[in-house]
Each structure stands twice: as structure tokens, then as C-alpha cells.
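# Coordinates in review
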Amino acid sequence: MFGLTRVSPAATAAAAISTTVTAGNSAHCGNPYGLLHQRKTLASIISSCQAASNCFLQVPSVSLQSKSFALKATSESQAVAMSNKEAQSSYPSGQKQVLISLSDKKDLAFLGNGLQSLGYTIVSTGGTASSLESAGVSVTKVEQLTHFPEMLDGRVKTLHPNIHGGILARRDQKHHMEDLSSHGIGTFDIVVVNLYPFYEKVTATEGIKFEDGIENIDIGGPAMIRAAAKNHKDVLVVVDSEDYPELLEFLKTSQDDQQFRRKLAWKAFQHVASYDSAVSEWLWKQTNGEDKFPHSFTVPLSLKSSLRYGENPHQKAAFYVDKSISEVNAGGIATAIQHHGKEMSYNNYLDADAAWNCVSEFQSPTCVVVKHTNPCGVASRGDIREAYRLAVKADPVSAFGGIVAFNTEVDEALAREIREFRSPTDGETRMFYEIVVAPKYTEKGLETLRGKSKTLRILEARKNEKGKLSLRQVGGGWLAQESDDLTPEDIQFKAVAEKSADESALSDAKFAWLCVKHVKSNAIVIAKDNCMLGMGSGQPNRVESLRIAMRKAGDEVKGAALASDAFFPFAWNDAVEEACQAGIGVIAEPGGSIRDQDAIDCCNKYGVTLLFTNVRHFRH
């Protein structure tokens, strides 16, 4: 191991000297740089160097036990670097230089030829240089500027003053330019860099070893990008191949547009920030395993589309895709494919997400109809067309203009049913929907659905993976929690009243319970035979939600199951007794109230089965 230190000559004499000085002072044998205290001796060496054209102090590494080391001044013919005079000759006055180092070489030939035609000298690294040369572009390799070979298996290529000095120097600062001149360093006008494909490597389906992940963390690239972005007033920085045409057009015209330069600088810093967030997320998971709540973390978001407006027309809005590693191939509405229809709106995304999350919970063929993020109709049947009809029938008024979701393939027969089905309220009005979402479609199914309406949005989505982190914004902060992934199979429905639950009653209770977890609190769902009959949502008190649900269920409430998202605080002359008097056959609720015994006694009086789940499903 050795270090090279340039000592600037005071004159331009052609000769070079080679001097070796050995220190034998045992008093300093414990210092690996023991000789450096002998200032007079070093001063004499430097004085000798000043008479030469070029001088380098070569310091061999020594152990702590060494009693001496050699300090050599070598001539230019033996050194790695060239003299200042020769270095300056590598940077002709007024020369325009661009530095290109790319992992993703998309449109590289287009860029290289465009820059060369504009008179730029191109400096490049390894594979990028080879690709440019193959495209007929003249290239100066980085080593010709640094006079130092690539080392440490490629870890060190561009981390050198001859590179970063040329990027960071401010052109309007005289002493900056004098520093460059004295060290023979030229300036860079443009830096084009993208980074090692860390994100793609660590998210590959075949996985990656920890050591390989570490080696795919780019160091030199971010350093160059950040340097150029900081000095964007003088250096254009490009990290996206989509910007190549605009860059070339900019170079052909005025280059004084600071807004363009700032836009590229912002994009560069954002690019590096997203890259670093991926590295941070990956390392956290490698280090802390299942802990989902680090002390700090960054969520990288990528703009998918600008929306016409937000929840209301006076609110501007946009839709972003979460580029976190944990979201790769994890499903969800954000990555759904839109096959047909108008562009998605802010509310469309919210409603489609609610419908898709709900329908994906069911194992049997199921249809869910959602309005304003609440499922107003849910049904499971072996015949998915029958499930669709029953889901609409639960609340046809609310279903009109809603979102319809399926957990099975939409074929031609189902698509025709969706297209032609008339509202149960009058048997004449053809049902209108904003969105249809399903896991897949047959070719004929898509063709048939497209014929329903030019505006109908047809989405193909993948089921959300379990275990995601749920984020929600509040003023000045964010709430983070695990997703509510519990299903009826994960919990125990414990009979606490005198009447036990038969197989049919238990099945109805589980179905209602799975529905109610997707309804806004306070939530009540009434269901029977795998079909929602009525639901009450979002009421400040549970009694009102119950009454709404029973009104929608009508006469079908007799013998049906009722599920509540939280316990009943009161029973007598309240929600529990009203439900029992209406003819409800089984009630499923979390339990946990100080008046649970009242609920049990009430159900015993009316002969109703009461099941405690010990699981609450608030949804705010």
C-alpha cells in the first residue's frame, strides 16, 4: 500500500531527482510515520524537488514495529502521473467536455453522436466507453485524465480530484479556476450518469446474496451526480435517458436557462435519494428482519399520472406509485393494468382499492360492489353470474354508478351479464358502473365489456400480498400500522350464549364478519347464505348503523347473521335487543365491553346465538 503526493515545482527544469532518506532514530520507532517529524530533512528534500520539473514522494507502508522507512522522490518516467505542464496540455483552452458513465446504456449512441456533433469531447468509463466506441464515437477514457487505473474490482474509478475538481469548480470564482490551472485539471460542462441496478438486483425473483447486494451499491456514480447537481449553474447533470433529446436541443440554443439546469439538478438529487432509500430499506430488512418500524425511513414515490382533480374539482391532484422494495410484485390497484375507459380519477382510485381489497379476501367466486369506499353488495356463489346479481340486489340504488369487483376471471358470459343486467328496482334501467376490476379477462370478455360504454374503466389487478405496512397522513405526520390481514380462518368464533351455532349459522357469521371489516365504522353487516343483505356504515353510534342495515335487509333479516366491527356498549333497549327483536339468528362481535353479560342475557332471552371473536375491525 502506498500513497502518491504531488509536490508542485517552482521552476521548469527538465531534470528529475531520486533521493532516499533513511531514518534510524529509535526514539520514534513507535510512529509509522516517524520520519515526518524531521522537518529539516524533509525541507531539504522539498527544496531539491523545487529545482526539478516534477517530483513525487513515494511512501511505502510500514508496520508499527518498523524503525525506519524509505522516502523516495521519483522522476516522471517512473511515476504514474504527469507534470502540471503536460497535464494542462490535455485540457486545451475552451475545450467542451462531457463525462458519461452509464449502467443503463439506453440511447447511448444517440447521445454520444449528438454531443460529438456539437463539438464536445467525451470522457467515459469502462463499458460505457466501449459502447460509445462501437457506435463510432471518439472517447477519452477516464484513466487518461486520472493517470490512475481502475482498482478494487471497480470500486474506485472516478473518485479522483481530476474528475471531481472539474465538476465542482465554480467558473465565476477566480481562485477555483486558478486551482484547476495549477493542478492541470480541466472542467466538465455536462455529466451524464445513471447508477448500478441495485433496485433491480435485490428485487429479482431469484433473490441475491447479501455480498452481491453490497457490491451493487454504487458509490462513484452518486458522488458524480451530487457534485454536478450542486454545481448545476455551470454543469448540466442528466440521469434519465428521456432527457437526452431535450439536452441536445438546449445545447444547440441558449445555455443560460437556469430553470432547465435547476430542473435537471432536482431530478438528479431525487434520483439519488430514491436510490439511497432502496439501499436503506434493503439493509434494514437484512439487519432487523421482521421489524417493520425503523426509527426513520423514506418512501420513494414515482408519478404515474396527473389527475383531473382531487376529491373535489377545486382540488388539484396526482397519483404516485410506491417504489419501495416491499411493494415489488406485491399487487394492488396502483399497479393495475387499465384495458379500457376514461382516465382514473382520485375517487376512482380510492373506490377501486376498497373494492379490490374486499373481494380479494374471499376464497369462493365472489362479486363485491362498492360505493364511496364501502361495500354495499357482496355475494359468493359457484356461479359468478349469480353472485353478481345478488351483490347488486343487496342495494341496487347504491350500486348504480359504483365499482364492481370480481375475484375470478371475467369471461364472455359474465361480461354480457354485466353489460345487459337491469336494475332490480324497476327491471328496465341498465346498470351503470364507473369501474370493473378483476384478476384477468378472456379476450371475448374484454371485447364484450368494452361495448358497454366508452367510459367504463376496465382494470386488471393482482391480489395484495399480506403483511404490508399501511401509512396514513395526519397534520404534520404519518400513522403507520400493519395491514389488517386477519380472516375468519385465523380466529375463533366462541359461542357465549345458551344457543350454540350450527354449521349454517357459523358460516353466515363468518361471511358477515369478513364483510364488516371492510365497512367504515361504526359498521354493521347483515348476511345470509353467503350474501350481504344490508349494511350500515359510518354512523357516530352503533344503533343507527344497525337500523340502516336492518332497513336494507327488510324481511330477509329473519334468521340472518349480524356482524359488528366493535363490541356493543349497551344491550337492553339498544342495538342488541333491537336486533334480537327483529329476528336476527346469530350475532358476531368482538366482545370486551364491561356490559358483555347484558348482551349474553339479552340473546338468551330471545334465543339468539352470540359469538365473540375477540378481534375488532375499526375502519376510520
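A short tour of the structure in this document, coming up. (Residues numbered from 1 in each chain as written. Predicted model: local features only at pLDDT ≥ 70, side-chain atom pairs only at ≥ 80, totals over all residues. Heavy atoms only, no water.)

Moving on to the packing of helix α11 (residues 244–252) against helix α12 (residues 258–288). As a packed pair, α11 and α12 sit with axes 12 Å apart at the nearest point and diverge in direction by 150°. In this view, α11 runs roughly antiparallel relative to α12, as classed from their interaxial angle. Two packed elements cross with a definite hand, and for α11 against α12 that hand is left-handed. For the pair α11 and α12, the contacting residues are Glu246, Leu247 and Phe250 in the first and Phe260, Arg261 and Lys263 in the second. In terms of residue class, the contact of α11 with α12 is made up of 3 nonpolar, no polar and 3 charged. (Axes fitted to C-alpha atoms, helices over the stretch in contact; angles between N-to-C directions. Helix = DSSP H or I, 4+ residues; strand = E, 2+ residues; numbered from the N terminus. Parallel < 35°, antiparallel > 145°, perpendicular 65-115°, else oblique. Left-handed = near helix turned anticlockwise from the far one by under 90°. Contact = heavy atoms within 4.5 Å. Nonpolar A, V, L, I, M, F, W, Y, C, P; charged D, E, K, R; others polar.)

So, on to the sheet that holds strand β22 (residues 532–536). One open sheet holds the 6 strands; their spatial order is β20-β25-β24-β23-β21-β22, and the pairing between them is mixed. Two strands lie at the open edges of the sheet, namely β20 (494–495) and β22, each paired on one side alone. Here strand β23 (residues 561–564) runs beside strand β24 (residues 586–589); their pairing, made up of 3 bridges, is parallel. Looking at β24, one finds that alanine 561 is bridged to valine 586. (Pairing = 2+ DSSP bridges.)

So, about the packing of aromatic side chains. In this structure the tally under the stated criterion is 11 aromatic pairs. Centroid distance phenylalanine 319 to tyrosine 349: 3.8 Å. Interplanar angle 15°. Geometry classified as stacked. Of this pair, phenylalanine 319 sits in strand β11 (residues 317–322) while tyrosine 349 sits in helix α13 (residues 346–359), and the two are 30 residues apart along the sequence. Taken together through their ring pairs, the aromatic side chains of Phe198, Phe210, Tyr275 and Trp282 make up a single cluster. Across from the ring centre of tyrosine 120, 4.5 Å away, lies the NZ or CZ of lysine 96, which sits over that ring. (Phe/Tyr/Trp six-rings, centres within 6.5 Å; stacked < 30°, edge-to-face > 60°. Lys NZ or Arg CZ within 6 Å of the ring centre and 35° of its normal.)

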